[in-house]
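Spelled out from the first residue to the last, the chains are:
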Amino acid sequence: MITEQASPLAQQAHDAPRKINAVLAAATKSGIDAKALLAGTGLSIHDLTAPNGRTTARQYLDVCRNALRLCPDRSLALRAGARMTVSGYGMHGYAMISCRTLRQAYEVALKYHSLAEPVMALHWHQEPKTVVWTIPTTQEMGLEESLHRFLLEQQLAMYCAMHRDLMSGRCKPISLHLADVKGSDAVMYEQYLGCRTGSGSRSNELRFNIKWLDRLPVRSSRIAMALVNETSRRILTQAHLVGGRTCQLVQRFLMHTPGAFPGIDEVAAHLETTTRTLRRRLDHEGSTYAMISAQLRHALAVDYLRSTSMTVEDVAAHLGFSDAANFRAAFRKWTGHSPSQVRNAAP
């Protein structure tokens, strides 16, 4: 059982203020003053926009309580959750779209959630025909009913947004089962979540068709491409990876195939040339495909280590290494340091 009072992290700033910003954006659109929403939290607008800003679970809960008190719109939490796109998770989001299957993306999402001071415990499991995401009931969380309902609705909308972003809008829930729901709320859930709602369930469950579980995330979706483009721009700028025209074409292609790192033959085919010609052009620019691939892996590795809570094993897998030992050896060759040394030295 997870309760607000039982959380040892309630006063520690571990999570980026994404959920708070989503609530503020949805509430201010309904005409609620942002400063009133932050009353009693010790937060300012500047705190929520500062680079590397962190907030606590208690501050998030206080913002939600203020929103409930100030905003009469019952759809507020759903609208706030829908704003939580994969692109908002930075390198964690890039890691999710780098996964080979939706199942793997689930695991990345859960690992991120568990390390980001979660307010509620989340879980998913498979059944013969469905994937089931469960969210704790009011009794299990020990929170006031109205606050629990708000958190539940925001989380439900976040699930739908995650599936929409990863699978290009094609993966929608097939049903929602809640412990208790009013008739008017059921209509609202169907409108925002796009599925039928049932009441009287022993647990809160959002179900998806199992056919999606082992499919490749769709990287051509609008949200996914926006995240890839932004990550690509930032990584290439930070790592000072310039080179000639051919080098830049190879760099951009590799950044737009997250987690794959295809061989030179595939890259040459994409660039509509032969492998021999590609090698010759890169050599003319003083580079090789192996050098470019290593430079990008190096840059991505540093960014993953400094900006996410992903384990070294997970970083290695997302960069195409067969195991963590090979990644550690390569990383020490690139930087002269171990992954843990670079992570611990991050500002």
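Figured I'd write up the structure that's included with this text. (Residues numbered from 1 in each chain as written. Predicted model: local features only at pLDDT ≥ 70, side-chain atom pairs only at ≥ 80, totals over all residues. Heavy atoms only, no water.)

Moving on to the sheet that holds strand β3 (residues 175–178). The 5 strands are arranged β1-β2-β5-β3-β4 in an open sheet whose pairing can be described as mixed. Single-partner strands in this sheet number two, and they are β1 (123–126) and β4 (196–199). Averaged over all adjacent pairs, the angle separating strand axes in this sheet is 20°, with direction ignored. Here β3 runs beside β4; their pairing, made up of 4 bridges, is parallel. Each residue of the ladder has a partner; that of His 177, found in β4, is Gly 198. (Pairing = 2+ DSSP bridges. Helix = DSSP H or I, 4+ residues; strand = E, 2+ residues; numbered from the N terminus. Axes fitted to C-alpha atoms, helices over the stretch in contact; angles between N-to-C directions.)

Before going further, it helps to examine the packing of helix α1 (residues 18–29) against helix α4 (residues 57–70). Where α1 meets α4, the axes come as close as 9 Å, and the angle between the chain directions of the two elements is 15°. With respect to α4, the axis of α1 lies roughly parallel. α4 is crossed by α1, and the crossing has left-handed handedness. Counting all contacts with α1, which are made through Lys 19, Ile 20, Val 23 and Leu 24, the residues of α4 involved are Gln 59, Tyr 60, Val 63 and Ala 67. (Parallel < 35°, antiparallel > 145°, perpendicular 65-115°, else oblique. Left-handed = near helix turned anticlockwise from the far one by under 90°. Contact = heavy atoms within 4.5 Å.)

Turning next to the environment of Asp 185. Looking at the secondary structure, you find Asp 185 in helix α10 (residues 183–193). Classification of Asp 185 as buried rests on a relative accessible area of 9%. For the pair Asp 185 and Arg 74, spaced 111 residues apart in sequence, the C-alpha to C-alpha distance is 8.5 Å. (Buried < 20%, exposed > 50% of the residue type's maximum accessible area, 1.4 Å probe, protein only.)

Before going further, it helps to spend a moment on the environment of Glu 153. Residue position: Glu 153 is located in helix α9 (residues 145–166). Among the residues examined, Glu 153 registers a relative accessible area of 1% and is labelled buried. Sequence separation between Glu 153 and Gly 81 is 72 residues; the distance between their C-alpha atoms is 7.5 Å. Among residues more than four places away in sequence, those in contact with Glu 153 are Arg 74, Ala 77, Leu 78, Met 188 and Tyr 189. Side-chain polar atoms of Glu 153 contact the side chain of Tyr 189, separated by 2.6 Å. (Polar contact = N/O pair within 3.5 Å; in protein donor to acceptor, adjacent residues only side chain to side chain.)

A cluster of like positive charges, contributed by Arg 245, Arg 252, Arg 276, Arg 280 and Arg 281, occupies part of the molecular surface. Those elements that provide at least two residues to the positive patch are α12 (245–255) and α14 (275–284). With 3 residues, α14 is the single largest residue contributor to the positive patch. Residue position: Arg 276 is located in helix α14. You can call Arg 276 exposed: its relative accessible area is 71%. (Patch = residues over 30% accessible without salt bridge, like charges linked within 9 Å, V, L, I, M, F, W, Y side chains within 5 Å. Areas by Shrake-Rupley, 256 points an atom, 1.4 Å probe, with all protein chains shown as cover. Salt bridge = Lys/Arg side-chain N within 4 Å of Asp/Glu carboxyl O. Lys, Arg positive; Asp, Glu negative; His and termini not counted. Charge placed at Lys NZ, Arg CZ, Asp CG, Glu CD.)

This part is about the packing of aromatic side chains. Inspection of every chain in the model, using the stated rule, returns 8 aromatic pairs. Measuring from centroid to centroid gives 6.5 Å for Trp 124 and Trp 133, while their planes differ by 35°, and the two rings are tilted. In this pair, the class of Trp 124 matches that of Trp 133, namely buried. Here Phe 327 and Phe 331 contribute two aromatic rings whose centre-to-centre distance is 5.7 Å and whose plane-to-plane angle is 50°, an arrangement assigned as tilted. (Phe/Tyr/Trp six-rings, centres within 6.5 Å; stacked < 30°, edge-to-face > 60°.)

Summed over all chains, the structure comprises 10 salt bridges. We note a salt bridge from Asp 73 to Arg 79, for which the minimum N-O separation is 3.0 Å. For Asp 73, a relative accessible area of 31% puts it in the partly exposed group. Residue classification places Arg 79 among the buried positions, given a relative accessible area of 18%. We note a salt bridge from Arg 74 to Glu 153, for which the minimum N-O separation is 2.7 Å. Taken together, the positions of Arg 74 in the loop between α4 and α5 (76–82) and Glu 153 in helix α9 put the pair 79 residues apart, joining distant regions of the chain. In the salt-bridge network here, residues are joined through shared partners; they are Asp 62, Arg 65 and Glu 144.

Remember, this is a structural readout, not a statement about activity or role.
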